[in-house]
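So the chains spell out like this:
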Amino acid sequence: MTATLLDGRATAQQIQEEIKVKVAAFTDATGNQPVLAAVLVGEDPASAVYVRNKERACKKVGIESQLHRLSADISTEKLIDLVTSLNNDPRVSGILVQLPLPKQIDSQKVLDLIDPAKDVDAFHPTNVGLLSQGRPRFLPCTPHGVLQVLHRYEISISGKLTAIIGRSDIVGKPLAMLMGAKSSHLGADSCNSTVTLCHSRTPNLAEITRQADIVVAAIGVPKFVTAEMVKEGAVVVDVGINRTEDGLCGDVDFEPLRHVASHITPVPGGVGPLTVTMLLENTLMAARLQAETKVATG
Ligand code: NAP
């Protein structure tokens, strides 16, 4: 068996075309372009690349992007001042603070301060709470990207057993909530999975993953998921992005798994492009929300 490649770049391109049309309609109707404000603190090269990719993607779909660069030695208070001014700026639709922040900054304090209506990363406790109650406002970008790629390749997750390895607040935990939810904006095939959320203290991990119809790796360990850990015909989604001496690689041992899985995402070109794309969708949604609030409050 050779697995079908789940092409994240092509899927992202398709979704971005759709977003571009919706952004143009919004801009025509309101006279305002959606605006994404990105905050980049310090000189971390990976963070700079991520922010540049986000700026480029914004441009492609007609979203204006602002970049606020701050030096690595900035205080939490200075960053709070910036986030407060972005919260109060009616032109700004969405705010993203690129992580990780330098050690001296209280990251939680900064993230909690972002106006939940502009929280396009969906990290604010209000947005996490809404998601956990099954009535999300913004969907977290990477988990939403995973759902989208499965949906676009017509892979139903309903009634399937899913093993997610990794329980981070950004990927594993919200993805488990979305895949196991009772309903989804993408339809009945994109929810109702039975999810096992695995982590570093999970005993007999391979026994669990071998039973799964869908295996998602979000670990941060290169090639952690081997062919022996996956049953024949399973769908494998690799969220991991690891910089190694041989270049970028995922959390999945891709080559051997290509001959075991029915479908597999590559790294690069898998979930990564979808994460950026879902951020664009959230920015448009934030702009719409603010336009509606403006109309409602006169
Ligand atoms: P994280 O916060 O470091 O969480 C890693 C998770 O993996 C933790 O839950 C940890 O368990 C678990 N884990 C670590 N070693 C394990 C082991 N030996 N066995 C089982 N579980 C183990 O990472 P993250 O932020 O979720 O990111 C995970 C990966 O995805 C990274 O490579 C990151 O770069 C990538 N990523 C990609 C995208 C994208 O757009 N494609 C977006 C975000 C992240 P414990 O909780 O027990 O410690």
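How each quantity is defined
- Residues numbered from 1 in each chain as written.
- Predicted model: local features only at pLDDT ≥ 70, side-chain atom pairs only at ≥ 80, totals over all residues.
- Heavy atoms only, no water.
- Helix = DSSP H or I, 4+ residues; strand = E, 2+ residues; numbered from the N terminus.
- Rg over C-alpha atoms; globule rule 2.2 N^0.38 Å.
- Buried < 20%, exposed > 50% of the residue type's maximum accessible area, 1.4 Å probe, protein only.
- Contact = heavy atoms within 4.5 Å.
- Areas by Shrake-Rupley, 256 points an atom, 1.4 Å probe, with all protein chains shown as cover.
- Lys, Arg positive; Asp, Glu negative; His and termini not counted.
- Charge placed at Lys NZ, Arg CZ, Asp CG, Glu CD.
- Disulfide = S-S within 2.5 Å.
- Domains from an automatic or database assignment.
- Pairing = 2+ DSSP bridges.
- Axes fitted to C-alpha atoms, helices over the stretch in contact; angles between N-to-C directions.
- Parallel < 35°, antiparallel > 145°, perpendicular 65-115°, else oblique.
- Left-handed = near helix turned anticlockwise from the far one by under 90°.
- Nonpolar A, V, L, I, M, F, W, Y, C, P; charged D, E, K, R; others polar.
- Near = heavy atom within 4 Å.
- Polar contact = N/O pair within 3.5 Å; in protein donor to acceptor, adjacent residues only side chain to side chain.

Draft legend 1. Representation of the overall build of the protein in the model. The number of helices and strands found in the protein is 10 helices and 11 strands. Here the C-alpha radius of gyration of the protein, 19 Å, is about what a compact globule of 298 residues would show, namely 19 Å. Each principal axis of the C-alpha distribution contributes one length, and for the protein these read about 55 × 40 × 35 Å. Buried residues in the protein amount to 47% of all 298 residues. Taking contacts inside the protein between residues at least 6 apart in sequence as the whole, the part at least 24 apart equals 72%. Of the roughly 13900 Å² that the protein leaves accessible, carbon and sulfur atoms contribute 53%. Looking at charge distribution, the protein has the averaged site of its 29 positive side-chain charges lying 3 Å from that of its 32 negative ones.

Draft legend 2. Examining the state of the cysteines more closely. On inspection of all chains with the given rule, the structure shows zero disulfides. Of all cysteine sulfurs in the structure, the one in C141 sits closest to C58, which takes part in no disulfide; the separation is 11 Å. Take C58: its relative accessible area is 0%, and that puts it in the buried class.

Draft legend 3. Spotlight on the domain arrangement of the protein. With domains assigned, the protein is organised as domain 1 (32–115) and domain 2 (141–272). Distance from the C-alpha centre of domain 1 to the C-alpha centre of domain 2: 29 Å.

Draft legend 4. Expanded view of the sheet that holds strand β3 (residues 64–70). Read across the sheet, three strands follow the order β3-β2-β4 without closing on themselves; strand pairing throughout is parallel. Looking at which strands have only one partner, the edges of the open sheet turn out to be β3 and β4 (94–97). Averaged over all pairs of adjacent strands, the angle between their axes in this sheet comes to 20°, without regard to strand direction.

Draft legend 5. The packing of helix α6 (residues 141–152) against helix α10 (residues 271–297), seen in detail. Put simply, α6 and α10 touch, their axes get as near as 8 Å, and they point 110° apart. Our classification of the angle between α6 and α10 gives roughly perpendicular. Here α6 runs over α10; the crossing is right-handed. Together, C141, T142, H144, G145, V146, Q148 and V149 of α6 and V271, L274, T275, M278, L279, E281 and N282 of α10 make up the contact between the two elements. Partitioned by chemical class, the residues of the contact of α6 with α10 number seven nonpolar, six polar and one charged.

Draft legend 6. Structural detail: the site of the ligand. Around the ligand, the surrounding shell holds 19 residues, and the nearest of these are R167, S168, S200, V239 and T275. Taking R167, its side chain carries an N or O atom lying 2.7 Å from an oxygen atom of the ligand. T275 places a side-chain nitrogen or oxygen 2.7 Å from an oxygen atom of the ligand. Looking at the shell around the ligand residue by residue, the classes come out as eight nonpolar, 10 polar and one charged.

Draft legend 7. Representation of the pairing of strand β8 (residues 235–238) within the structure. Covered by surrounding structure in β8 are V235 and V237 together with V236 and D238, the residues of both alternating faces. Bridge analysis of strand β7 (residues 214–217) against β8 gives four bridges, and the strand direction is parallel. Counted as the bridge partner of I214 is V235 from β8. The pairing of β8 with strand β11 (residues 263–264) spans two bridges and is parallel. Within the sheet, the bridge partner assigned to V236 lies in β11 and is I264.

Draft legend 8. The side chain of S93, seen in detail. Among the structural elements, S93 can be located in the loop between α3 (76–88) and β4. Looking at S93, the relative accessible area reads 4%, which means it is buried. Among all residues touching S93, those that are not within four sequence positions of it are P34, V35, A117, K118, T283, A286, A287 and Q290.

Draft legend 9. Inspection of the sheet that holds strand β1 (residues 4–5) at higher detail. Sheet architecture is open: six strands sit in the order β1-β11-β8-β7-β5-β6, paired in parallel fashion. With partners counted over all chains shown, the strands left at the sheet margins are β1 and β6 (194–198), one partner each. Where β1 lies against β11, two bridges are found, and the strand directions are parallel. Residue pairing in the sheet places L5 in a bridge with I264 of β11.

Draft legend 10. Spotlight on unusual backbone geometry. The amide bond that connects L99 to the next residue, P100, takes the cis arrangement and shows omega of 0°. Here P100 lies in the loop between β4 and α4 (107–113). Between V267 and P268 the backbone carries a cis peptide bond, its omega angle lying at 0°. One can find P268 in the loop between β11 and α10. In this structure, A122 takes a positive phi of about 60° despite not being glycine. Positionally, A122 belongs in the loop between α4 and α5 (125–132). One non-glycine residue, N204, adopts positive backbone phi at about 50°.

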